[in-house]
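Working through the structure, step by step
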Amino acid sequence: MIFEQYSDFDGLGLAELIRKRAVSPEELAASAIDAIERLNPDVNCVPQILHDEAKAMIKSGLPQGPFTGVPFLVKEFGMHFKGMKTSAGSKLATGIKFNDDTELMKRCKNAGFVTVGTTTTPEMAFNASTEATIYGATKNPWDLGYSVGGSSGGAGAAVASGMVPIAHANDGGGSIRIPAACNGLVGMKPTRGRVPTGPDGGLFLWGLAIEFAVTRSVRDSAALLDSVSAIDDGYFYTALPPKRGFLSATMSPPGKLRIGVIDHMPGCPKIARENRARLNDTRQSLEDLGHECDTVRLSYDVEAFNKSSVNLWAATLGYYMEAFAGMTKRKISSKTVEAVTLKVYRYAKKLGAIEMEWSMGVQNQLSRHVGSIMRDYDVLLTPGLSRDVAKLGELNQNAKNLDAMAWWNQIITNYSSFTAVFNTTGQPAMMLPLWQSKAGLPLAMQFVGRLGDEETLYCLATQLEQAQPWSNRRPPNYA
C-alpha cells in the first residue's frame, strides 16, 4: 500500500507517524520504491532498487531509533553494507560486493533506517557533477538539463525529488555541499573525526573527507548527527562531543553571533553577479536577525594549495583504483576508466613520499591561517557556488584534453571555489538552500563553524529556516 502523503514529511515526521501507528514501515518502503520507480527514468539517480533487502530488514525487526522505518539510500562509494554491490561509478569496479557493514552503516541501521537502494556517483567520486559513463547523466529535479552536483549527486537528486527524506553522502572537496547547493537541500559536512570512517577506512582522503548525508530539513540533519557521531574505536582522533546535542541545538536561538563574510577566494574568479547579490541579501538577513557581520579576506599561497590538494586527491584516487582493479581483476586502462580519471591515475603514479609530506605541510599552513581567523568569528558565510548551477556536459570527466591540475581548476577553482578549503581545515560547513535563481534553480549559501561546533551552525540554520522557509519549494520532478 502506498502512503499518498509520503513526500510531505521529513524523516523525523515519518518516524513519528510510525510511532503513532498511522503508517507502517512496509508502507513507507513501498512508497519510497514507488517514488523511485516513477521518477528515476527521468532523474536517473538510483541504479539499484533493493525491494527484497528492504522487506528483509523490516521483517527481521527494526531497532528503535529516531528514524525507525524511514527509507534511506546509500551512495555507491564510501559507506557500505553487507551484500552491497557497487560500481563506484566505473567499469573498473563494477560487480564488487562487500562482505560486511562499515561502522557508520551499523549506526544508520541502529537509527532505524530501511535501505531501499543505492545512489549514483561520478567515477571514483571525482567530479562536481554526476555524469559517469557507466550510468549516464543524473539529472537535476529542478531542470533536467542541469547538473545535480557531485560527488554525492545521486543522493542530492533523490532527496530533492522526494524519493527519500535522507540519503547517505560524503565530502572530500564539497561532495555533500555541492549537491545540496545544486538541488536545494541541507548539506552538513561535519567536523573531522565526528563521523566514523572505520573499520576499513582510516584517514579518508588524507583527512580531507568525511561521511554523512543530505536532508531536506535542518532537524533531520541534526538528529542524524546525534545518532551516528561517537568515538570510532581505533581511529586516529575524534571530535569533541557536543555540549547539548545537535537536535537540542535546533530548539534554541543562537544569540548574537559574529559572522565573517567571505565573497572571494584567492586565485578564483569573481563570483557571478546573482550569487553576489544573494550573498549580500543573506548578510542583510543575518543583520536583521541581530547578528554582526564583517567582511573577511583569506590570504594563502594559491598555487601551493592547489598543487597539494591535487597530490592528495590523486594519491587517494590511485589507491582506490588499484584496490578495485585487484578485486575485479580488470586492468586500469581507457577501456575501464574515463579519460580524466586515467590521467590523474598516471599523475599519482609519479608522486613520491617527500612530495606527499610537502603537500600535508601546505594543507597545515592553510588550516592554521583559517584557524587564526576563527578566533574572532563564530561563523563564516560564503556563497555556495561561484556561479550558476552547471549544465549537463560542462564538467566532463571523460574529456580528452584535461590533466590533473586542469580538472581541479574546472571543478573547484572555477566552480565550487568555497568548499575545498574547509575540507583542509576540517571545520563543520553547512550548505543551506536560502534562495532560488532567476532561472528557477536553487541558489545556496555556505555557513562554516569553528572546529567541533556544529551546534552553533544548527542553531543558526534553524533560525534561517524559520525566517526564510524553503520546505514549500518543490522541484517540478517531485514525488
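The present account deals with the structure reproduced in this document. Counting restarts for each chain: residues are numbered from 1 in the order of the written sequence. For this predicted model, a pLDDT threshold of at least 70 governs which residues receive local features, and a threshold of 80 or more governs which side-chain atom pairs are given and counted, while totals over whole chains, interfaces and linings are taken from all residues. Side-chain calculation: all heavy atoms of the structure are included, whereas hydrogens and water are not.

1. Quick word on the overall build of the chain
- By definition, any uninterrupted DSSP run of H or I lasting at least four residues is a helix, any uninterrupted run of E lasting at least two residues is a strand, and each is numbered from the N terminus. In terms of helices and strands, the chain carries 15 helices and 13 strands.
- C-alpha extents for the chain along the principal axes are approximately 60 × 60 × 45 Å.
- When a residue's accessible area, from a 1.4 Å probe over protein chains only, is under 20% of the maximum for its type it is buried; when over 50% it is exposed; and in between it is partly exposed. Taking all 479 residues of the chain together, the buried fraction comes to 62%.
- Areas reported here follow the Shrake-Rupley algorithm with a probe of radius 1.4 Å; residue values treat only the protein chains shown as occluding. By element, 51% of the accessible surface of the chain is carried by carbon and sulfur atoms, the whole surface being about 18200 Å².

2. Topic: the packing of aromatic side chains
- What counts as a ring pair is set by centres within 6.5 Å for rings of Phe, Tyr and Trp (its six-membered ring), and what kind of pair is set by the plane angle: stacked under 30 degrees, edge-to-face over 60, tilted for all other angles. Applying the stated criterion across every chain yields a total of 13 aromatic pairs.
- Where Y235 meets F236, the ring centres are 6.1 Å apart and the plane angle is 70 degrees; that geometry is what we call edge-to-face.
- On the accessibility criterion, Y235 (17% relative accessible area) is buried.
- Since its relative accessible area comes to 64%, F236 is described here as exposed.
- Grouping aromatic residues by their ring pairs yields a cluster made of F77, Y319, Y320 and F324.

3. Considering helix 7 (residues 218-228)
- Counting buried residues along helix 7, 8 of its 11 residues qualify, which places the element largely inside the surrounding structure.
- Of the positions making up helix 7, those classed as buried are V218, D220, S221, A222, A223, L224, L225 and V228.
- Polar contact criterion, stated in full: a pair of N or O atoms within 3.5 Å, where within protein one must be able to donate a hydrogen and the other to accept it, and residues adjacent in sequence count only if both atoms are side-chain atoms. In this structure S217 caps helix 7, since a side-chain oxygen of it lies 3.2 Å from the backbone nitrogen of D220.

4. Regarding the pattern of salt bridges
- When a carboxyl oxygen of Asp or Glu is within 4 Å of a side-chain nitrogen of Lys or Arg, the pair counts as a salt bridge. The final tally for this structure, using the stated rule, is 21 salt bridges.
- Among the ionic pairs, R107 bridges to E103, the shortest N-O distance being 2.9 Å. Within this pair, R107 and its partner E103 are both found in helix 4 (residues 103-110), separated by 4 residues, close to a single helical turn.
- Classification of R107 as buried rests on a relative accessible area of 11%.
- Of the charged contacts in the structure, one is a salt bridge between K349 and E322, with a shortest N-O distance of 2.9 Å. You can see K349 sitting in helix 11 (residues 339-349) and its partner E322 sitting in helix 10 (residues 302-328), a full 27 residues away along the chain.
- Using a relative accessible area of 39% as the deciding quantity, one classes E322 as partly exposed.

5. Quick notes on the state of the cysteines
- A pair of sulfur atoms, both from cysteines and within 2.5 Å, is called a disulfide here. For the structure on display, the rule yields 0 disulfides.
- As a non-bridged cysteine, C108 has C45 as the owner of its nearest cysteine sulfur, 18 Å distant.
- Owing to a relative accessible area of 4%, C108 belongs among the buried residues under this scheme.
- Not engaged in a disulfide, the cysteine C293 finds its nearest cysteine sulfur in C459; these two sulfurs lie 16 Å apart.

6. Section: helix 2 (residues 25-43)
- Its 19 residues place the ends of helix 2 25 Å apart at the C-alpha level, agreeing with the 27 Å of an ideal helix rising 1.5 Å per residue.
- Along its length, helix 2 reaches its greatest deviation from straightness, about 35 degrees, at E37, and the proline P41 lies no more than four positions downstream.
- Considered for burial, the residues of helix 2 that qualify are P25, E27, L28, A29, S31, A32, I33, A35, I36, L39, N40 and V43.
- Here a residue-residue contact requires only that any non-hydrogen atoms of the pair lie within 4.5 Å. The elements touched by buried residues of helix 2 are helix 1 (11-19), strand 1 (48-49), helix 3 (51-59), strand 2 (71-75), strand 5 (114-119) and helix 5 (153-160).
- Immediately beyond the C-terminal end of helix 2, within one or two residues, lies N44, with a positive phi of roughly 60 degrees. Here, expected helix span is obtained from the residue count minus one, scaled by 1.5 Å. We define the bend at any residue as the angle between the axes fitted to the seven residues before and including it, ending there, and the seven starting there.

7. Let's talk about the packing of helix 1 against helix 7
- At a minimum axis separation of 8 Å, helix 1 and helix 7 run at an interaxial angle of 75 degrees. Regarding the angle of helix 1 to helix 7, the classification is roughly perpendicular. For the pair helix 1 and helix 7, the contacting residues are G11, L12 and G13 in the first and R219, D220 and A223 in the second.
- We call Asp, Glu, Lys and Arg charged. Ala, Val, Leu, Ile, Met, Phe, Trp, Tyr, Cys and Pro are nonpolar, and the rest, Gly among them, are polar. Within the contact of helix 1 with helix 7, the residues separate by chemical class into 2 nonpolar, 2 polar and 2 charged. Angular values range over 0 to 180 degrees, each being the angle between N-to-C directions of two axes fitted as lines to C-alpha atoms, with helices fitted over their stretch in contact. Each angle gets one of four labels, with under 35 degrees taken as roughly parallel, over 145 as roughly antiparallel, 65 to 115 as roughly perpendicular, and the rest as oblique.

8. A short note on the pairing of strand 9 (residues 258-261)
- Between any two strands, at least two bridges found by DSSP are needed for them to pair. As defined by bridge partners, strand 9 adjoins strand 10 (residues 292-295) across 4 bridges and the pair is classed as parallel. In the strand pairing of strand 10, G260 is matched with D294.
- As for the winding sense of the linkage, the β-α-β connection from strand 9 through helix 9 (residues 273-288) to strand 10 is right-handed.
- Note: strand 9 against strand 11 (residues 379-383), 3 bridges, orientation parallel. Along strand 11, the bridge assignment pairs V261 with L381. Look down the strands so they point away from you; if going from the first strand over the helix to the second traces a clockwise path, that crossover is right-handed.

9. Some thoughts on the nonpolar core
- Throughout this description, the term nonpolar core refers to a set of buried Ala, Val, Leu, Ile, Met, Phe, Trp, Tyr and Cys residues connected via side-chain atoms within 4.5 Å. Among the nonpolar cores identified, the biggest contains 158 residues, and V116, F212, L432, F447 and Y458 are the most heavily contacted of them.
- For this core, the element with the highest residue contribution is helix 10, accounting for 9 residues.

10. Quick word on the environment of K85
- Position of K85 among the secondary structure elements: in strand 3 (residues 85-86).
- Sequence-wise, K85 and K97 are 12 residues apart; in three dimensions their C-alpha atoms are separated by 4.4 Å.
- Residues contacting K85, with those up to four places away along its chain left out, are Q48, E76, I96 and K97.

11. A short note on the packing of helix 10 against helix 11
- Between helix 10 and helix 11, the shortest axis-to-axis distance is 8 Å and the interhelical angle comes to 100 degrees. With respect to their mutual orientation, helix 10 and helix 11 come out roughly perpendicular. Here K307, V310, N311, A314, A315, L317, G318, M321 and E322 of helix 10 come into contact with helix 11, specifically with T341, V344, Y345, Y347, A348 and K349.
- Across the contact of helix 10 with helix 11, the residue classes tally to 9 nonpolar, 3 polar and 3 charged.

12. Let's talk about the environment of I231
- Looking at where I231 falls in the secondary structure, it is placed in the loop between helix 7 and helix 8 (246-249).
- You can call I231 exposed: its relative accessible area is 58%.
- Taking the C-alpha atoms as reference, I231 lies 34 Å from S161; in sequence the two are 70 residues apart.

13. Overview of unusual backbone geometry
- Of note, the bond from G150 into S151 is cis; its omega dihedral lies within 30 degrees of zero at 5 degrees.
- Among the secondary structure elements, S151 is positioned in the loop between strand 5 and helix 5.
- In the segment running from G198 into P199, the intervening peptide bond is cis, with an omega of 0 degrees.
- Here P199 shows up in the loop between strand 7 (186-189) and strand 8 (210-215).
- The backbone of A88 shows a phi angle near 50 degrees, a positive value even though the residue is not glycine.
- Here A88 shows up in the loop between strand 3 and strand 4 (96-97).
- Residue A88 is classed as buried on the basis of its relative accessible area of 1%.

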